[in-house]
2 protein chains.
Amino acid sequence: MNIERWVPVVGWLRRYSRALLFKDSLAAVIVTLMLVPQALAYALLAGLPPEMGLYASMLPLVLYAIFGTSASLAVGPVAVAALMTASALSSFATPGSPEYIGAALVLAALSGLILIAMGVLRLGFLVNFLSHPVISGFITASGILIAISQLKHILGVEAAGHNVIELLGALFNQWQQINLITLLIGLGVWGYLLVCRKRLNTWLMAIGISASASGLMVKAAPISAVMVTTLLAWHFNLGQYGVNLVGFVPSGLPAITLPSLDQSLWLGLLPAALLISLVGFVESVSVAQTLAAKRRQRIDPNQELIALGMANLGAGVSGGSPVSGGFSRSVVNFEAGAATPLAGAFTALGIVLSTLLLTGLLAFLPTATLAATIIVAVGTLIDLPAVKRTWQYSRSDGVAMVATLLLTLLHSVEVGIISGVVLSLGLHLYRTSQPHSAVVGRVPGTEHFRNVKRHEVETDQHVAMLRIDESLYFANARYLEDTVMALAARSPTLKHIVLTCQAVNVIDASALESLEAINGRLKDAGATLHLAEVKGPVMDRLTNTALYRELTGQVFFTTYEAWQTLALPTQNEEPQPYTY
Amino acid sequence: MNIERWVPVVGWLRRYSRALLFKDSLAAVIVTLMLVPQALAYALLAGLPPEMGLYASMLPLVLYAIFGTSASLAVGPVAVAALMTASALSSFATPGSPEYIGAALVLAALSGLILIAMGVLRLGFLVNFLSHPVISGFITASGILIAISQLKHILGVEAAGHNVIELLGALFNQWQQINLITLLIGLGVWGYLLVCRKRLNTWLMAIGISASASGLMVKAAPISAVMVTTLLAWHFNLGQYGVNLVGFVPSGLPAITLPSLDQSLWLGLLPAALLISLVGFVESVSVAQTLAAKRRQRIDPNQELIALGMANLGAGVSGGSPVSGGFSRSVVNFEAGAATPLAGAFTALGIVLSTLLLTGLLAFLPTATLAATIIVAVGTLIDLPAVKRTWQYSRSDGVAMVATLLLTLLHSVEVGIISGVVLSLGLHLYRTSQPHSAVVGRVPGTEHFRNVKRHEVETDQHVAMLRIDESLYFANARYLEDTVMALAARSPTLKHIVLTCQAVNVIDASALESLEAINGRLKDAGATLHLAEVKGPVMDRLTNTALYRELTGQVFFTTYEAWQTLALPTQNEEPQPYTY
């Protein structure tokens, strides 16, 4: 048993050096500055007390550093997981209640166990069934949904809902309760962050700061907004004017406790935990792979399942919300020079220090500031041009994407993503259930055979050559029967049907039976069935079957050989030499 | 609007002749003789009063004759549909109760509406997702289940259950209640029918009767068993010795009534109706296609949906149980010379006459006779060698088949078939999510490229040629990324990666994004990506994409062209032959 495979830290820690220590520490400082406001904001988004976001940024990061294979992935609370957490928990308890918090811990622990189990069982391939368009549509819709859900904090009103319609309806009903000071703070921070994002980079570079350093400073802009608005709220005692503040945040470290073992709660949260796990894993692996490839490194997706699973399990037992790999923080971590997963452990240390030292101050942080931070952050998730691009490239992918997007927005995150997966699978199966096939004829003077409908080719009234452009399996087996029998019914003079199989990678048992049926029916109708260009592995299997024994015709090596044998039975002259 | 397309009778009735009339009538007489005991037996199997089997053989047959496209398909009550009906209804009411009978009518009407809707919406392709192994495993298990469920009638005891375990357990508990006279009748009829099936044909042919005529007489053997045992029961008044008889059968014709419109009942029966519709349709179309092909005729599957739908709807409004096309009766119909769907309408007339004239006698028919008839009939459904054959041909098909068979036997028909469908889809998707690919090299002196692991071929340390043996879609897109990046990480000298795509029929949006990611990552790593042998329709789509614009390498027409361009840029001599 190779311990390095399951606990990668054992391998890379042996080769750790002072140079790496410096790089990892620097990256950790920058990521910590970015993570503090995000941890608070995503706890707010999930309907949880702010300290749960901080707790989710301690033990989980250390566990990921021990088990993870990516040097750059920054684990912790993320926007989409927070949205999905809020959606999952709201049907079990009131946001903020002890039951709600307890359910959040169960959700994190359950997600962790699911991920670990998938990793141990090497089930990482399951995420392949979340297609890019479905993920992309879901992330865009989540971004919009998150942004709209945060408007209430900017406006200083109460509004809850699972989808865009409910949220906007609730906001509309509350418009008379708008708190102007809150609105001012919210819009101020929003505008400030937008300006930082769009202009600050250029300004900083104009005064001679390097591109990467200025990029990192832009990413750390929210911390300045947090500091300024916290000081304002403290100085002017804004709480008494109805501005909603974060309030008391305990300054100690979380206790390690087992989450509730209520069986019905675990069962009830299972579907949501599965979705959060899969979506979080897909996002984490995508960003980790992209960053690893830039340094010609590789990550191990199955080990990532275990590492993310341990991180979530860690969150569940140390008072944290579900975690995953964050896109923007990972990019910052990478650009700041993180060289090993230890950068994440140092980030955890940074969060611990912040929690011990800063929580007294954080009590005065306006929630509007956090909401504005979230809105600007999720702006990068929303990619509407991708919808148009996907729709133009492939109608069925476009349909799956739009359906996921609309159902997530208009119904709920769970229904949105499940519908997307089912629809994309259904459309894929539908497409392969009616595979392209073409009757081909010989391009004169060559050994090439092309579609009779597109090219001027030689044909023979006794011979039909049908090229099959798909593997043959149960979903298209009957379609094959229909196609071949329609061909036979159309041409009464037909004596030979040749199926050319260069694109057939598999013939499953259903297709085999269909071929047997075709062979038998053609025989009854006085015609013979031949095969051509059957691939090696397919042929290996066919040789032991009834089809092979009872085939009325032959199996030809090439289409040309079939043509020579069947279409020119009485001629002796060689066909013309042919230049490719 | 072409009325013939939707109501085929309009077409063929115009060309009807006296010769056809004779053929159809003869076939109808023979099928009627076979259908009377079957109709009673399958009503018994479904837990319904005997007349419902007869009613299901009247109006439905006439409606199929009007809308159907098969000249040979004999519609009516069938064993598998009867089993599924019993299984579906038993969770709604006690067998034989008015609620149970009402639910059976709803089930028939609902199946009819589903089939009609599928036909109008051209959804016939949906049945393609029932793979041959799943259907075959399901039918074999149904046959075993039906046979075991009939043992109680042979033994003269009460026993009910949804699966083999429950049924055998119930029988075991009742063994002291066995009625010896019933057992004698049951075993007698069973033995008689088996002898008829195995020997009668040979005997009849030995005394000079033609093969087809003796075959038809064998098929009509059950009617003689019915007559003899009915007369015995009447003569010896066997009812008073505890022999269970069919009892009073009303001699009139069924009234046309609307089935119950109870919404919760309709909703509750929907899943079962869907399964019965799909299974019945698959079986009907398979037998109809096989028989049609023998005469080089064709049937229209979507019109068959409508015809079978009308037949079931007819059953639902005229007191009948769900119907479908029966395998053995259709073969008999075909062999007896049925030339048009009118043979079915004449059969309905035969059943009407039988009902009017014979029901007084049928009251004395022992149920043990019917049970023996069913057991012998379903023997043809059980095909255990097919399990071994399928398992040997394809492990994943074998797994789906065995799972369907076992779950149907040990749990229930619904769980059995649904698990089979889900499993076969899952296994198919799993298989295509890890497609075969091979690094290929040049067969020396040719333009052919083969797998480096299987053949002695030329390779180049700067160029890797990867042949992809599957269409690229979301389920295998990430696997492609892994494969290509692993290849790049393995060979530090690699400068060019060529994907040869002759087996790629589709590149969906997910695979496109993966190719873009691969292109970008290889670029970061200092290598270029090329494509070769891209099919026309795939290339048409690619030309408008970011991948095509940003591709670091080229798109080559052939693999050989790529080799010539990339592998030998400066050398003039031939490369050394290379053994992998």
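Given the structure is predicted, the values throughout are model-derived calculations rather than measurements.

Parameters at a glance
Residue numbers run consecutively from 1 along every chain, following the written order of its sequence. To read the labels, note that chains go from A and ligands from 1, taken in the order they are written. Selection of residues for local features in this predicted model requires a pLDDT of at least 70, selection of side-chain atom pairs for listing and counting requires 80 or more, and totals for whole chains, interfaces and linings are taken over all residues. Side-chain descriptors were evaluated using all non-hydrogen atoms of the structure, hydrogens and water having been removed beforehand. A run of H or I in DSSP becomes a helix once it reaches four residues, and a run of E becomes a strand once it reaches two; helices and strands are each numbered from the N terminus. Classification of residues uses two cut-offs on accessible area relative to the type maximum, computed with a 1.4 Å probe and protein chains only: under 20% is buried, over 50% is exposed, and between them is partly exposed. All tallies of charge rest on Lys and Arg as positive and Asp and Glu as negative; His and the ends of each chain are not included. Charge placement uses NZ in Lys and CZ in Arg. For Asp and Glu, CG and CD serve respectively. UniProt positions are given in the numbering used here, feature names are shortened, and annotations may be inferred rather than shown by experiment. Where a domain begins and ends is set by an automatic assignment or by a domain database. A pair of aromatic rings is counted whenever rings of Phe, Tyr or Trp (Trp by its six-membered ring) have centres within 6.5 Å, and the orientation is called stacked for planes under 30 degrees apart, edge-to-face for over 60 and tilted otherwise. In this scheme, Lys NZ or Arg CZ marks a charge over a ring once it lies within 6 Å of the ring centre and within 35 degrees of the ring normal. Strand pairing is assigned whenever DSSP detects at least two bridges linking the two strands. Contacts are residue-level and defined by heavy atoms, with any inter-residue pair within 4.5 Å sufficient. Lines fitted to C-alpha atoms define the axes here, with helix axes fitted over just the stretch in contact, and angles between the N-to-C directions of these axes take values from 0 to 180 degrees. Should a side-chain nitrogen of Lys or Arg be within 4 Å of a carboxyl oxygen of Asp or Glu, the pair is scored as a salt bridge. The term polar contact refers here to a pair of N or O atoms within 3.5 Å; inside protein, the definition further demands a hydrogen-donor-capable atom paired with an acceptor-capable atom, and it admits residues adjacent in sequence only when both atoms are side-chain atoms. Residue polarity is assigned by list, with Asp, Glu, Lys and Arg as charged and Ala, Val, Leu, Ile, Met, Phe, Trp, Tyr, Cys and Pro as nonpolar; anything else, Gly included, falls into the polar class. Points on a 1 Å grid, built from protein atoms alone, make a cavity when a 1.4 Å probe fits but cannot get out and make a pocket when they are open with protein on both sides within 12 Å along at least 5 of 7 lines; residues with an atom within 4 Å of a point are the lining residues. Grid points are joined across faces, edges and corners, and a volume is the space filled by probe spheres set on the points. Should an angle fall under 35 degrees it is called roughly parallel, over 145 degrees roughly antiparallel, and 65 to 115 degrees roughly perpendicular, with every other angle called oblique. Left-handed is the label given to a crossing in which the near helix is rotated counterclockwise from the far helix by less than a right angle, and right-handed is the label when the rotation is clockwise.

Chemist: If you had to explain the overall build of chain A to someone new, which residues and values would you point to?
Modeler: In terms of helices and strands, chain A carries 25 helices and 8 strands. Across its three principal axes, chain A shows a C-alpha extent of roughly 105 × 60 × 60 Å. Counting across all 580 residues of chain A, residues that qualify as buried make up 57%. Put simply, chain A has 33 plus and 32 minus side-chain charges, and the middle of one group is 9 Å from the middle of the other.

Chemist: Describe the UniProt feature "domain: STAS" (unreviewed entry) in chain A, naming the residues involved and giving the relevant values.
Modeler: UniProt records the feature "domain: STAS" (unreviewed entry) for residues 453-566 of chain A in the present numbering. The distance from the first to the last C-alpha atom of residues 453-566 of chain A is 21 Å, and the span holds 46% helix and 16% strand.

Chemist: Can you explain the domain arrangement of chain A? Please cite residues and give values.
Modeler: One widely used convention gives an interface's size as the accessible area the parts lose upon coming together. Per the domain assignment, the segments making up chain A are domain 1 (16-426) and domain 2 (437-567). Using C-alpha coordinates to define each centre, domain 1 of chain A is positioned 55 Å away from domain 2 of chain A.

Chemist: Describe the packing of aromatic side chains, listing the residues and the values that go with them.
Modeler: The full count for this structure, using the stated rule, is 6 aromatic pairs over all chains. Taking the centre distance of 6.3 Å and the plane angle of 55° together, the rings of A:Trp12 and A:Tyr16 count as tilted. Its guanidinium or amino end placed over the ring of A:Tyr393, B:Arg541 lies 5.3 Å from that ring's centre, counting from NZ or CZ.

Chemist: I'd like to hear about the sheet that holds strand β6 (residues 496-500) of chain B, residue by residue, with values.
Modeler: Two strands in a sheet stick together by hydrogen bonds in their backbones, pointing the same way (parallel) or opposite ways (antiparallel). Residues and elements named next belong to chain B. Taken in spatial order, the 6 strands line up as β4-β3-β5-β6-β7-β8 in an open sheet, and their pairing is mixed. At either end of the open sheet lies a strand with only one pairing partner, and these are β4 (449-451) and β8 (555-556). Alignment of strand β5 (residues 463-468) against β6, held across 5 bridges, turns out to be parallel. Note that in β6 the partner of alanine 464 across the bridge is isoleucine 497. Of the strands in this sheet, β6 and β7 (528-532) are in contact with helix α22 (residues 509-524), which crosses β7 at around 140°. Sheet strands in contact with helix α25 (residues 559-567) are β3 (437-442), β4, β5, β6, β7 and β8, and its direction is about 165° off that of β5.

Chemist: Summarise the interface of chain B and chain A; cite the residues concerned and give the values.
Modeler: Chain B puts 65 residues into the contact, and the matching count from chain A is 64 residues. Our enumeration of links across chain B and chain A arrives at 0 salt bridges. Viewed at the interface, chain A and chain B are joined by 11 residue pairs in polar contact (both at pLDDT 80 or more). Residue assignment for the side of chain B that touches chain A shows that the elements contributing at least two residues are α8 (132-155), α13 (263-294), α18 (384-393), α20 (413-433), α21 (474-490), α22 and α23 (536-542) of chain B. Ranked by residue count, the leading element in the side of chain B that touches chain A is α21(B), at 9 residues. Grouping the amino acids of the side of chain B that touches chain A by side-chain chemistry returns 30 nonpolar, 19 polar and 16 charged.

Chemist: Run through the sheet that holds strand β5 (residues 463-468) of chain A, naming residues and quoting values.
Modeler: All names here are of chain A. Within the open sheet, the 6 strands sit side by side as β4-β3-β5-β6-β7-β8. Their pairing is mixed. Two strands lie at the open edges of the sheet, namely β4 (449-451) and β8 (555-556), each paired on one side alone. Of the strands in this sheet, β3 (437-442), β4, β5, β6 (496-500), β7 (528-532) and β8 touch helix α25 (residues 559-567), which is tilted by about 165° from β5.

Chemist: Break down empty space enclosed by the protein for me, with residues and values.
Modeler: Tallied over the entire structure, the rule returns 18 cavities of 30 Å³ or more. If you add up the space inside the largest cavity, you get close to 150 Å³. Put simply, the parts of the chain that give the lining of the largest cavity at least two residues each are α13 (263-294) of chain A together with α21 of chain B. Of the voids in this model, the second largest cavity is the one considered here, and its volume is about 120 Å³. At the level of secondary structure, the elements contributing two or more residues to the lining of the second largest cavity comprise α3 (18-45), α5 (59-67), β1 (74-76), α15 (327-335) and α16 (342-362) of chain A. Counting residues per element, the lining of the second largest cavity draws most heavily on α16(A), which supplies 3 residues. Residue classes in the lining of the second largest cavity are distributed as 10 nonpolar, 5 polar and 1 charged.

Chemist: Any details on the packing of α8(B) against α20(B)? Residues and values, ideally.
Modeler: All names here are of chain B. At their nearest, the axes of α8 and α20 sit 10 Å apart, and the two run at 165° to each other. When the axes of α8 and α20 are compared, the pair comes out roughly antiparallel. For the element pair α8 and α20, the recorded crossing hand is right-handed. Seen from α8, the contacting residues are Val134, Phe138 and Leu145; seen from α20, they are Val413, Ile417, Gly420, Val421 and Ser424. Here the residues of the contact of α8 with α20 are counted per class, giving 6 nonpolar, 2 polar and no charged.

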